[in-house]
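Fold and contact review
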Amino acid sequence: MSVAVPEPEAASPPTSPATPSDEADTPARRHAKRLFEAVHAVTDTGRSLNSAARELGLNRRTVGKYARAATWQECVRRTRPRRPTSLDPYLEYLRQRWEEGEHTATVLHQEIVAKGYRGHY
């Protein structure tokens, strides 16, 4: 018997109301939840990680990660906060100019240099 990993489903609204600590429902979060459920459906029956990996068509290390996790949220990758750059003070101006129709990078660079930007093109 072969248990297949559930196929990704079309974006659907969450069925339960989100608590304030919940993050946005994203494809990555839905995928992690489906994998967690599939791995636990197989490994909770006493199957080995190697056997579960073969059955699900996943890498053994992936199966191990999901099998060890107590909740599917532990398996979701965390994104690091964006680091500030020297361009940050000019981003709003650049967005405004882009929306006005200026899409030439050299022109935009010259304009922010005139405003004090010291970075290279």
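Residues numbered from 1 in each chain as written. Predicted model: local features only at pLDDT ≥ 70, side-chain atom pairs only at ≥ 80, totals over all residues. Heavy atoms only, no water.

What to know about the side chain of Glu 102
Convention followed: Secondary structure elements are defined from DSSP: runs of H or I of at least 4 residues count as helices, runs of E of at least 2 residues count as strands, and each element is numbered from the N terminus. In what follows, a contact means two residues having at least one pair of non-hydrogen atoms within 4.5 Å.
Mapped onto the elements, Glu 102 comes out in the loop between helix 4 (91–99) and helix 5 (105–114). Once residues lying within four places of it in the same chain are set aside, the contact partners of Glu 102 are Arg 97, Val 107 and Leu 108.

Considering the pattern of salt bridges
Our working rule: Throughout this description, the term salt bridge denotes a Lys or Arg side-chain nitrogen within 4 Å of a carboxyl oxygen of Asp or Glu. Three labels apply to residues, based on accessible area from a 1.4 Å probe with only protein chains included: buried if under 20% of the type maximum, exposed if over 50%, partly exposed otherwise in between.
Taken as a whole, this structure holds seven salt bridges when the rule is applied. As a salt-bridge pair, Glu 55 and Arg 47 come within 2.4 Å of each other at their nearest N and O atoms. The exposure class of Glu 55 is buried, given its relative accessible area of 11%. On the basis of relative accessible area, Arg 47 is assigned to the partly exposed category, the value being 35%. Close ionic contact of Glu 92 with Arg 95 constitutes a salt bridge, the shortest N to O distance being 3.6 Å. Residue Glu 92 and its partner Arg 95 are both found in helix 4; the two are separated by three residues, about one turn of the helix. On the basis of relative accessibility, which here comes to 45%, the residue Arg 95 falls in the partly exposed class.

Overview of the nonpolar core
Using the following cut-off: Here, nonpolar core refers to any group of buried Ala, Val, Leu, Ile, Met, Phe, Trp, Tyr and Cys residues whose side-chain atoms link them within 4.5 Å.
The biggest cluster of nonpolar side chains holds 15 residues, and the ones touching the most others in it are Ala 32, Phe 36, Val 39, Leu 56, Val 63, Tyr 66 and Trp 72. Those elements that provide at least two residues to this core are helix 1 (27–43), helix 2 (49–56) and helix 3 (60–68). A total of six residues in this core trace back to one element, the largest contributor, which is helix 1. Setting aside its immediate chain neighbours within four residues, Trp 72 contacts Arg 29, Ala 32, Lys 33 and Phe 36. Listed in part, the five residues of the second largest apolar core include Tyr 90, Leu 94, Leu 108 and Tyr 117.

Comments concerning the environment of Arg 30
Short version of the rule: Pairs of N or O atoms are called polar contacts if they sit within 3.5 Å, as long as, within protein, a hydrogen donor faces a hydrogen acceptor (for residues adjacent in sequence, only side-chain-to-side-chain pairs).
Considering the arrangement of structural elements, one finds Arg 30 in helix 1. For Arg 30, a relative accessible area of 14% corresponds to the buried category. Through-space distance from the C-alpha of Arg 30 to that of Gln 73 is 9.9 Å; in sequence the pair is 43 residues apart. A polar side-chain atom of Arg 30 sits 3.1 Å from a polar atom in the side chain of Asp 25.

Here we look at the packing of aromatic side chains
The cut-off we apply is this: Stacked, tilted and edge-to-face pairs are distinguished by plane angle, under 30 degrees for stacked and over 60 for edge-to-face with tilted covering the rest, among Phe, Tyr and Trp rings (Trp via its six-membered ring) whose centres lie within 6.5 Å. The criterion is that NZ of a Lys, or CZ of an Arg, lies within 6 Å of the ring centre and within 35 degrees of the ring normal, and then a charge sits over that ring.
Under the defined criterion, the tally for this structure stands at one aromatic pair. Taking NZ or CZ as reference, Lys 115 lies 4.7 Å from the ring centre of Tyr 93, over its face.

Structural notes on the packing of helix 1 against helix 3
For any two helices packed against each other, one specifies the crossing angle of their axes together with the interaxial distance. Note the threshold: Only the stretch in contact is used when fitting a helix axis, every axis being a line fitted to C-alpha atoms; angles between N-to-C directions are given from 0 to 180 degrees. These descriptions rest on fixed angle ranges, namely under 35 degrees for roughly parallel, over 145 for roughly antiparallel, 65 to 115 for roughly perpendicular, and the rest for oblique. Each residue is assigned to one class: nonpolar for Ala, Val, Leu, Ile, Met, Phe, Trp, Tyr, Cys and Pro, charged for Asp, Glu, Lys and Arg, and polar for all the others, Gly among them.
Orientation of helix 1 relative to helix 3, taken along the N-to-C sense of each, is 90 degrees, at an axis distance of 9 Å. Classified by the angle between their axes, helix 1 and helix 3 sit roughly perpendicular to one another. Taking contact as the criterion, the partners of Ala 32, Leu 35, Phe 36, Val 39, His 40 and Thr 43 in helix 1 are, on helix 3, Val 63, Tyr 66 and Ala 67. In terms of residue class, the contact of helix 1 with helix 3 is built from seven nonpolar, two polar and no charged.

Considering the packing of helix 4 against helix 5
How we decide: Take the far helix as the reference: if the near one is turned anticlockwise from it by less than a right angle, the crossing is left-handed, and if turned clockwise, right-handed.
The interhelical angle for the contact between helix 4 and helix 5, taken along N-to-C directions, is 140 degrees, at an axis separation of 11 Å. Accordingly, the angle class assigned to the pair helix 4 and helix 5 is oblique. Helix-helix and strand crossings are classified by hand; for helix 4 and helix 5 the assignment is right-handed. Listed contacts from helix 5 to Tyr 93, Leu 94, Arg 97 and Trp 98 of helix 4 are Leu 108, Glu 111 and Ile 112. Among the residues forming the contact of helix 4 with helix 5, the class breakdown is five nonpolar, no polar and two charged.

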